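The primary structure of each chain is shown beneath.
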Amino acid sequence: MNRKYKKNIVLLYAFTFFDGFILAYMIERLFWAERGMSITMVVATEIIYGISVAVFELPSGLLADKFGRKKLLATAGFLSVIEMILIYNAQDYWWFAAAVFLGGISTAMESGSLQAIMYDSLAAEGAKDNYEAVYGRFRAIDTAGSVIAAFLGAFTAYNAGMELNYQISIGSKFAAFILLLFLTEVPTGVSKERKEGRTLRDYYKEVRAFFKKNRLLSLYCMNGLVLGACWNYVDEFWQLLMQEVDVPVLYFGAIMVLYSIFTIPGNLMVQRIKGKINYTLFFGLIPFLYGGGFLLIGYLRNYLVLLPFIFLGIWHGFVEPLLSGCIQHHTKSSVRATMESVFSLMLRIVAIFVGLLFSMYADRSIFKGYQVLGAIALGFGVLNSILMVMQKQKKSA
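From a predicted model like this one, the values you see are computed outputs, not experimental measurements.

This part covers the overall build of the protein chain. Of regular secondary structure, the protein chain possesses 16 helices and zero strands. Here the protein chain has a C-alpha radius of gyration of 20 Å; the compact-globule value for 397 residues is 21 Å, and the two agree. Counting the 397 residues in the protein chain, one finds 58% classified as buried. Across the protein chain, every contact between residues at least 6 apart in sequence was considered, and the portion connecting residues at least 24 apart equals 86%. Put simply, the protein chain has 36 plus and 27 minus side-chain charges, and the middle of one group is 12 Å from the middle of the other.

And the structure:
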């Protein structure tokens, strides 16, 4: 077992803690509203973010595969620090727009590179079958950092004002950036490909071959795209929902814990269940479970909205590592970051359309916005079931 690659996993665990230890997220929407940002303006920045990711997603994945994942991750970490500083100093919409634009570039650079270097580090140790377990722990540590930040962030915002939350968050993002500088690049054969003059067309052929060879797997991943886009708006606007049901800011930390901490069991147990579940049945039912949860959030007008938050958190803990494992185990190392970038790009495109529908109704009532998310998830669930049955029949014919 190569210790220098084992060190990468430890560094990534530490990185995700500090990257998730962001007190600002606890009062983000309230801080933005205080600076004059309406729901429509916030969704507009989400669209800018999505476009930014979409534009830089594929180029960043290609660059990561061709020139190394560490360089892209370090650049992403630096941009993330700048993003947080801009938001802290923002005075009007354009400050926020500039910040999220840089945030989109940062996300694009990180999305494929992070999972790729994690998987390749495990592969170099002969432990690639443990990817789901390691990625699950990675997500659990991220949640733990968020939970601690939630408790501390609610306390500091209530007692010292919201600006302190951003000051601590800037420091945490900087610590995460420094940790990335100590990663060790994993050889993946890209040096040979660089000498052979591998072109953009070659990468396109690899991606196309993945979808052609893994049609049922592609349908599983479509679940991640649609449900991930819907989950994004649960994650972004729950604070406004809590305001509507008269929950004081002081309790926001506890609320975030209730819907976040329940992802941890799924994150940690995913390795045990991955060989025992029927993937087709699991991913066939998931959209209906999510849709039911979103609708309950939209229809409950009191503290009971916490129950569907917990319900969604439990299932989300299983879904994300399973989907990431599906992609990583079926992708060549030489295009691993590119493939992750392709799916991340598709997620951002779907998120833009979901965001437009969500904002049309959420500006009238945040509850109606969540009802729309439920309708989208259920509608996709029906389509997904039809496509899965058709693919199964075609495979057995």
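Here the focus is the packing of aromatic side chains. Tallied over the full model, the rule gives 17 aromatic pairs. Residues Phe31 and Tyr166 carry aromatic rings whose centres are separated by 4.4 Å and whose planes lie at 35° to one another, so their mutual orientation is tilted. Placement of the pair is Phe31 in helix α2 (residues 28-34) and Tyr166 in helix α7 (residues 162-180), with a sequence separation of 135 residues. Accessibility assignment for this pair places Phe31 and Tyr166 in one class, buried. Between Phe174 and Phe177, the ring centres sit 6.2 Å apart and the planes meet at 50°, which makes this aromatic pair tilted. One end of the pair is Phe174 and the other is Phe177, both in helix α7 and three residues apart, which spans about a single turn. For Phe174, a relative accessible area of 45% translates into the label partly exposed. Pairwise contacts between aromatic rings join Tyr119, Tyr131, Tyr135 and Phe138 into one cluster. Seen from the ring of Tyr361, Arg364 lies directly overhead, with NZ or CZ sitting 4.9 Å from the centre.

Here we come to a positive patch on the surface. On the surface, a cluster of positive charge is made up of Arg208, Lys212, Arg215 and Lys394. You can see Lys212 is positioned in helix α9 (residues 200-213). Accessibility expressed as a relative area gives 56% for Lys212, which makes it exposed.

Attention now moves to the nonpolar core. Membership of the largest hydrophobic core comes to 90 residues, with the highest contact counts inside it found for Trp32, Tyr166, Phe237, Trp238, Met242, Tyr370 and Leu373. Sorting elements by how many residues they give to this core places helix α10 (residues 215-244) first, with 18 residues. Ignoring any residue separated from it by four or fewer positions in sequence, one finds Tyr166 in contact with Ala24, Ile27, Glu28, Phe31, Trp32, Met84, Ile87 and Tyr88. Counting residues in each nonpolar core, the second largest holds 22 residues, with Tyr5, Tyr13, Tyr131 and Val186 among its members.

What follows covers the confidence of the model for the protein chain. Atomic detail in the predicted coordinates should be set aside for any region of low pLDDT. Looking at the protein chain, the pLDDT average stands at 81 and 90% of residues meet or exceed 70. Looking across the protein chain, the model is least confident in helix α8 (residues 190-195), with a mean pLDDT of 45, and most confident in α7, with 94. Contacts for the low-pLDDT stretch residues 190-196, under 50 throughout, to residues beyond four places or in other chains number seven contacts.

To continue, consider the side chain of Ser106. Inspection of the secondary structure assignment puts Ser106 in helix α5 (residues 93-124). Apart from the residues lying within four places of it in its own chain, the contact partners of Ser106 are Ala76, Leu79 and Ser80.

Taking 1.5 Å per residue as the helical rise, helix α6 (residues 131-160) with its 30 residues ought to reach 44 Å, and the 41 Å between its terminal C-alpha atoms agrees with that figure. Just downstream of α6, Gly161 is the residue with a positive phi angle, here 95°.

Below, the discussion takes up the environment of Val389. Positionally, Val389 belongs in helix α16 (residues 366-396). Note: C-alpha distance between Val389 and Thr280 (109 residues apart in sequence) is 9.4 Å.

Attention now moves to the pattern of salt bridges. The final tally for this structure, using the stated rule, is four salt bridges. Residue Lys173 pairs with Asp19 through a salt bridge whose shortest N-O separation is 2.8 Å. With Lys173 in helix α7 and Asp19 in helix α1 (residues 3-20), this residue pair connects regions lying 154 residues apart in the sequence. Neither Lys173 nor Asp19 differs from the other in exposure class; each is buried. The partner of Arg35 in a salt bridge is Glu163, with the nearest N and O atoms 3.5 Å apart. In this pair, Arg35 sits in the loop between α2 and α3 (39-67) while Glu163 sits in helix α7, placing the two residues 128 residues apart along the sequence. The class for Arg35 is buried, based on a relative accessible area of 18%.

We now examine the packing of helix α12 (residues 263-273) against helix α14 (residues 306-329). Remark: α12 packs on α14, axes separated minimally by 7 Å, with the N-to-C direction vectors making an angle of 45°. Considering their axes alone, α12 and α14 lie oblique with respect to each other. When you trace α12 past α14, the crossing you get is right-handed. Every residue of α14 that contacts α12 at Thr263, Gly266, Asn267, Met269, Val270 and Ile273 is listed here: Gly313, His316, Gly317, Phe318, Pro321 and Leu322. Taken together, the residues that form the contact of α12 with α14 break down as six nonpolar, six polar and no charged.

Next up on the list: the environment of Phe31. The exposure class of Phe31 is buried, given its relative accessible area of 0%. The sequence separation of Phe31 and Glu163 amounts to 132 residues, and the corresponding C-alpha distance is 8.4 Å.

Here we come to helix α13 (residues 279-299). Residues that lie three or four places apart on an α-helix share one face, since the helix turns once every 3.6 residues. For α13, spanning 21 residues, the distance from its first C-alpha to its last is 31 Å, which sits close to the expected 30 Å at 1.5 Å a residue. Along its length, α13 reaches its greatest deviation from straightness, about 25°, at Ile286, and the proline Pro287 lies no more than four positions downstream.

What counts, and at which threshold
- Residues numbered from 1 in each chain as written.
- Predicted model: local features only at pLDDT ≥ 70, side-chain atom pairs only at ≥ 80, totals over all residues.
- Heavy atoms only, no water.
- Helix = DSSP H or I, 4+ residues; strand = E, 2+ residues; numbered from the N terminus.
- Rg over C-alpha atoms; globule rule 2.2 N^0.38 Å.
- Buried < 20%, exposed > 50% of the residue type's maximum accessible area, 1.4 Å probe, protein only.
- Contact = heavy atoms within 4.5 Å.
- Lys, Arg positive; Asp, Glu negative; His and termini not counted.
- Charge placed at Lys NZ, Arg CZ, Asp CG, Glu CD.
- Phe/Tyr/Trp six-rings, centres within 6.5 Å; stacked < 30°, edge-to-face > 60°.
- Lys NZ or Arg CZ within 6 Å of the ring centre and 35° of its normal.
- Patch = residues over 30% accessible without salt bridge, like charges linked within 9 Å, V, L, I, M, F, W, Y side chains within 5 Å.
- Areas by Shrake-Rupley, 256 points an atom, 1.4 Å probe, with all protein chains shown as cover.
- Salt bridge = Lys/Arg side-chain N within 4 Å of Asp/Glu carboxyl O.
- Core = buried A, V, L, I, M, F, W, Y, C linked by side-chain atoms within 4.5 Å.
- pLDDT = per-residue confidence, 0-100.
- Expected span 1.5 Å × (residues − 1).
- Axes fitted to C-alpha atoms, helices over the stretch in contact; angles between N-to-C directions.
- Parallel < 35°, antiparallel > 145°, perpendicular 65-115°, else oblique.
- Left-handed = near helix turned anticlockwise from the far one by under 90°.
- Nonpolar A, V, L, I, M, F, W, Y, C, P; charged D, E, K, R; others polar.
- Bend = angle between axes of the 7 residues up to and from the residue.

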